[in-house]
Amino acid sequence: MKKLVFSLALMSLVFTSCTSSDDDVATTPPTATGEITGDITGTKTYTKGVYTIKGTVRVKNDAILTFEAGSVITADVADGTDALLVEKGGKLNISGTAAEPVVFTEKSKTAGSWGGIIMFGDAPIVSGKAADGSPITTATSEDGTNIVYGGTNAAHNGGSLKYARVEYAGKKILDGNSEMNGFSFYSVGSGTVLENLVSYKGADDGFEFYGGTVSAKNLISYGNTDDSFDWQDGWQGQANTNWYAYQTGAGNFGMEIEAKSVNNTFFPKVSNITLRRAAGTATEAGNPLEIDAIQFKKEGNGEYTNVVISGYTNTATSGTTTINAVAVRIQDANTNTNQVATGKIKMLNVKIADTNTAQWGAGTAFTVSFLPANFTTSTTASGAVLTPGAWAIVDGVNLLGNL
């Protein structure tokens, strides 16, 4: 049952849990307040308001959770592990606008303080090869929740996320190593809408895709301390555009691309990409060599067009190895042989702003050579184009100021 507690002074609404009978709309005033906790079942809408989230809130199978434009949801590191998790079969609808985004933040404004938004679906994945060489089509989530993901529903629909910002996520949980990102998409399908999303100053990746077929448009990854964009498990998104990464303070790769060492034809496509690294930005502790704009490894591939890269000029040393940052690094020989040499990695219309940043580099004991048609440069590439507005402003700072 749902427990309602009203304060006449604050008109606050506390939700301790929901049941499948709660197929109603929370009819709070425009300045609604309240706590969101427990499982979401049935249909639940939070009108424009200021809310707190406590613990891991799970949107269960067949449930629909909606947040209206202008809402602010605040986590608190003191709670333990706060996160918003959409289980397979659940839906999350975030109905923000450029002027009134839906903001998920954390009280202390400290990176790594909560788990961000995590979504599970049943779209296809490939997480490796079995002993007989056949593909492995399920996996267990790496975020510490230990949820099994993978399926056959390429058109899975996990809802619609528009104009949403996640701040200070990337929490380490359980074993101290498992990490949540700003946005984590496990087996999410092409029926899901991801548009105008910001991951701001998290302690892991800004956005990570674990297989699936979903595409994302108009993304900002700002100040996240691991990779700005990352994927694995055979992600196959085909309609991605306008991705912007700004790395400042600490950060590793602008994009880390892998496919669990499975030679494949997944071939995701992303157009209009801007990757910028601010002067003085260091790598995350323990990863001194992760200084490149884009890294391909473990059979990662895809097509990337109209790309602007700037600021990747670091030199790094680990043991006896010293490297200079490059625009694109091919980390292992198999990726070079099976993906580069066969034309399954295409970098088209690439502008590298810094003259001392090489186009590409290799791991160890092999050399990389793209066919001219598969790596083309341009002085006129424009990169990401994004709509300005409150959705891209945090504490008075315009996140698009360096775009």
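Note that the coordinates shown come from a computational prediction; the quantities given were computed from them, not determined experimentally.

## A closer look at the overall build of the chain
Helix and strand counts for the chain come out as 1 helix and 35 strands. Here the chain has a C-alpha radius of gyration of 21 Å; the compact-globule value for 403 residues is 22 Å, and the two agree. C-alpha atoms of the chain, sized along the principal axes, occupy 70 × 50 × 40 Å. A burial count over the chain gives 56% of its 403 residues as buried. Contacts in the chain between residues at least 24 apart in sequence constitute 69% of all its contacts with a sequence separation of at least 6. About 15100 Å² of surface is accessible on the chain, with carbon and sulfur atoms providing 52% of the total.

## Notes on the pairing of strand S10 (residues 117-120)
Here S10 shows a buried face lined by Ile-117 and Met-119 and a second buried face lined by Ile-118 and Phe-120. In this sheet, S10 lies alongside strand S7 (residues 83-86) in parallel orientation, the contact comprising 3 bridges. Bridge pairing links Val-86 to Met-119 in S10.

## Here we look at the pattern of salt bridges
Pairing is possible between side chains of opposite charge, provided their charged atoms come close. Per the counting criterion, the structure on display carries 9 salt bridges. Note that Lys-60 is salt-bridged to Glu-87, the shortest N-O span being 3.0 Å. Of this pair, Lys-60 sits in the loop between strand S4 (49-59) and strand S5 (64-68) while Glu-87 sits in the loop between S7 and strand S8 (91-95), and the two are 27 residues apart along the sequence. Among the residues examined, Lys-60 registers a relative accessible area of 25% and is labelled partly exposed. When its relative accessible area of 16% is taken as the criterion, Glu-87 is described as buried. The shortest N-O distance in the salt bridge between Asp-292 and Arg-329 comes to 2.5 Å.

## Focus: empty space enclosed by the protein
The final tally for this structure, using the stated rule, is 1 cavity of 30 Å³ or more. Its residues placed into classes, the lining of the largest cavity shows 6 nonpolar, 4 polar and 2 charged.

## Here we look at the layout of surface pockets
In this structure, the largest pocket occupies an estimated 290 Å³ of space. Around the largest pocket, the lining comprises 21 residues; the ones closest to its centre are Glu-142, Asp-205, Asp-226, Asp-230 and Glu-256. Among the secondary structure elements, those contributing two or more residues to the lining of the largest pocket are strand S20 (207-210), strand S22 (229-232) and strand S24 (255-258). Along the lines of polarity and charge, the residues of the lining of the largest pocket split into 1 nonpolar, 5 polar and 15 charged.

## As for unusual backbone geometry
Despite not being glycine, Asp-233 has its phi angle at roughly 60°, a positive value. Position of Asp-233 relative to the elements: it lies in the loop between S22 and strand S23 (240-247). Classification of Asp-233 by relative accessible area gives buried; the value is 0%. Unusually for a residue other than glycine, Asn-349 sits at a positive phi of about 60°. In this structure, Asn-349 sits in strand S31 (residues 345-352).

## Comments concerning the packing of aromatic side chains
Here the distance between the centres and the angle between the planes together describe a pair of aromatic rings. For the coordinates displayed, the defined rule picks out 28 aromatic pairs. Ring centres of Phe-183 and Phe-207 lie 5.0 Å apart, and the angle between their planes is 5°; on these two criteria the pair is classed as stacked. Here Phe-183 is found in strand S18 (residues 183-186), whereas its partner Phe-207 is found in strand S20, with 24 residues between them in sequence. The class of Phe-183 is buried, set by a relative accessible area of 0%. Put simply, the rings of Phe-183, Phe-185, Phe-207, Phe-209, Phe-229, Trp-231, Trp-235, Trp-243, Phe-296 and Tyr-304 touch in pairs and so form one group of aromatic residues.

## Concerning the environment of Thr-213
Along the chain, the position of Thr-213 falls in the loop between S20 and strand S21 (217-222). In this structure Thr-213 touches Ala-123, Pro-124, Ala-154, Val-188, Gly-189, Ser-190, Gln-236 and Gly-237, once residues within four positions along its chain are discounted. A polar contact is formed between the side chain of Thr-213 and the backbone oxygen of Ala-154, at a distance of 2.6 Å.

## Overview of the pairing of strand S29 (residues 321-324)
Both strand S28 (residues 315-318) and S29 contribute to a ladder of 4 bridges, which runs antiparallel. Note on S29: the bridge partner recorded for Ala-316 is Ile-323.

Rules and cut-offs
- Residues numbered from 1 in each chain as written.
- Predicted model: local features only at pLDDT ≥ 70, side-chain atom pairs only at ≥ 80, totals over all residues.
- Heavy atoms only, no water.
- Helix = DSSP H or I, 4+ residues; strand = E, 2+ residues; numbered from the N terminus.
- Rg over C-alpha atoms; globule rule 2.2 N^0.38 Å.
- Buried < 20%, exposed > 50% of the residue type's maximum accessible area, 1.4 Å probe, protein only.
- Contact = heavy atoms within 4.5 Å.
- Areas by Shrake-Rupley, 256 points an atom, 1.4 Å probe, with all protein chains shown as cover.
- Pairing = 2+ DSSP bridges.
- Salt bridge = Lys/Arg side-chain N within 4 Å of Asp/Glu carboxyl O.
- 1 Å grid on protein atoms, 1.4 Å probe; cavity = no way out; pocket = protein on both sides within 12 Å on 5 of 7 lines; lining within 4 Å.
- Points joined across faces, edges and corners; volume = space filled by probe spheres on them.
- Nonpolar A, V, L, I, M, F, W, Y, C, P; charged D, E, K, R; others polar.
- Phe/Tyr/Trp six-rings, centres within 6.5 Å; stacked < 30°, edge-to-face > 60°.
- Polar contact = N/O pair within 3.5 Å; in protein donor to acceptor, adjacent residues only side chain to side chain.

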